[in-house]
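Summary of the model geometry
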Amino acid sequence: DVERGVEEHAMCFPDDKQYTTDFAYFTVTMLKKCYLTKSGGSRGACPVGYPGLACCYCAGKPGERRFFYTSSDHLRNSF
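Structural notes, computed from the coordinates. (Residues numbered from 1 in each chain as written. Predicted model: local features only at pLDDT ≥ 70, side-chain atom pairs only at ≥ 80, totals over all residues. Heavy atoms only, no water.)

**Details of the sheet that holds strand β3 (residues 66-67)**
The strands that make up a sheet are held in pairs by hydrogen bonds between backbone atoms, and each pair lies either parallel or antiparallel. Pairing in this open sheet of three strands is antiparallel, and the strands run β1-β2-β3 from one edge to the other. Edge positions in the sheet fall to β1 (31-35) and β3, since each has one partner strand and no second. Sheet analysis places β1 next to strand β2 (residues 51-55), joined by five bridges and oriented antiparallel. Considered in β2, the bridge of Lys-33 is made with Leu-53. (Pairing = 2+ DSSP bridges. Helix = DSSP H or I, 4+ residues; strand = E, 2+ residues; numbered from the N terminus.)

**Quick notes on the environment of Pro-51**
Considering the arrangement of structural elements, one finds Pro-51 in strand β2. For the pair Pro-51 and Phe-68, spaced 17 residues apart in sequence, the C-alpha separation works out to 6.9 Å. Apart from the residues within four sequence positions on either side, Pro-51 is in contact with Lys-33, Cys-34, Tyr-35 and Phe-68. (Contact = heavy atoms within 4.5 Å.)

Structure representation (structure tokens):
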């Protein structure tokens, strides 16, 4: 089964804060896990259903921002 849309549950919890910096924790609290859909457009080599990140404020709304990283280096260099 291919996942679709945006997940509503949190990506991190208050107990996770002890394992990272305040900046990293705050950044992750602003994100939701999403999945690439056919209507989401092409993302290079990423197949439909590929997991990504979405802004928690605009997810599911017109003009939403979604990010699909293909490597840990790509993700790290984006922050």
